[in-house]
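Reading the structure
Residue strings, one per chain:
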Amino acid sequence: MKDSSGRIPREVVSRLSGSKRLVVLTGAGVSAESGVPTFRGRDGLWRNHRPEELATPEAFKGNPELVWSWYHWRRNTVRQVLPNPAHDAIARMESKIEDFVLITQNVDGLHQRAGSEKVLQIHGDLHYARCSDCGAVIALEEQEGMITCPMCRGPMRPDVVWFGESLDVGLLTQAYNASERSDLFIVAGTSNVVQPAASLAFAAIRNGGYVFEINLDPTPLTGSASATVIGKAGEVLQELVRLAWEEEE
Ligand code: OAD
């Protein structure tokens, strides 16, 4: 069912309240209501920065200062904003359903700040740096400029996945396994164009799962999703949680 009025189909509500294995997949649209720019579409981050200039291993090799300054800027931006009702609703779902996995393409850490714990950050986390030589990972706070590894003095890079790089195999396997065995798969705020994340909902569908999509606009998934609501992630997810467990409120 496609619903562009923002109304949540009753079947989605009953599937959530009865779910035994829930997966939520999020993208940049979920952080948009916190004031974090998305990558594509209106006000997209990539509008001002071509991805191949900044988010590739080649870019980092050619101009590491520029790439680091972009990541420091993004990290500082994210530190100044707060999780929004979308993050809160997803954390609430985790508190209600034992077998729960949140798969996020976001690198901003806002889900964790909202209280989510079972999070697979398949594109990494911009609050961390990883040594290109020894692989050590450190948390970033106020640092600026280039980062040197405290263990081996090697050059560090943002601990994120760049274009042309593979995702962590272990994380991806967990993401596929959870998607394939989910009885409800909620996809919120992603354009569903970046692989392999975009294939997770299809893995759920192939295995008989029920996919519910929330986005401001239709995406390549919309025609295949079991149900879609066109609307803001924060509003729709809050309403969904309220309806699913309203008798307990
Ligand atoms: P995109 O910027 O591609 O898509 C954001 C989606 O969110 C769009 O489909 C918008 O319509 C939707 N959207 C915006 N605001 C919304 C709101 N308030 N409520 C609901 N939907 C909203 O972001 P992603 O799909 O996350 O990868 O992009 C995927 C990956 O592409 C990113 O993780 C990043 C980028 O390359 C890496 O950095 C590896």
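Now for a look at the structure at hand. (Residues numbered from 1 in each chain as written. Predicted model: local features only at pLDDT ≥ 70, side-chain atom pairs only at ≥ 80, totals over all residues. Heavy atoms only, no water.)

What the rule picks out here adds up to eight salt bridges. Of the charged contacts in the structure, one is a salt bridge between Asp 159 and Arg 130, with a shortest N-O distance of 2.5 Å. Placement of the pair is Asp 159 in strand β7 (residues 156-160) and Arg 130 in strand β5 (residues 124-131), with a sequence separation of 29 residues. Looking at Asp 159, the relative accessible area reads 19%, which means it is buried. Residue Arg 130 is classed as partly exposed on the basis of its relative accessible area of 26%. For Glu 246, the salt bridge identified is with Arg 242, shortest N-O distance 3.5 Å. A single network of salt bridges, built from pairs that share partners, joins Arg 79, Glu 141 and Glu 142. (Salt bridge = Lys/Arg side-chain N within 4 Å of Asp/Glu carboxyl O. Helix = DSSP H or I, 4+ residues; strand = E, 2+ residues; numbered from the N terminus. Buried < 20%, exposed > 50% of the residue type's maximum accessible area, 1.4 Å probe, protein only.)

Aromatic ring pairs are described here by two measures, namely the spacing of the ring centres and the angle between the planes. Counting across every chain of the model gives three aromatic pairs. When the ring of Trp 70 is compared with that of Tyr 71, the centres are 5.1 Å apart and the planes differ by 80°; the resulting orientation is edge-to-face. The two residues Trp 70 and Tyr 71 agree in class, both being buried. Arranged with centres 6.4 Å apart and planes meeting at 55°, the rings of Tyr 71 and Trp 162 form a pair that is tilted. Of the two residues, Tyr 71 is situated in helix α5 (residues 64-79) and Trp 162 in the loop between β7 and α8 (169-181); the sequence distance between them amounts to 91 residues. The same class applies to Tyr 71 as to Trp 162, namely buried. Taken together, the ring pairs connect Phe 60, Trp 70, Tyr 71 and Trp 162 into an aromatic cluster. Positioned above the aromatic ring of Trp 70 is the side chain of Arg 74, whose terminal nitrogen or guanidinium carbon lies 4.6 Å from the ring centre. (Phe/Tyr/Trp six-rings, centres within 6.5 Å; stacked < 30°, edge-to-face > 60°. Lys NZ or Arg CZ within 6 Å of the ring centre and 35° of its normal.)

Note that every value here comes from positions in space, so none of it alone points to a role or purpose.
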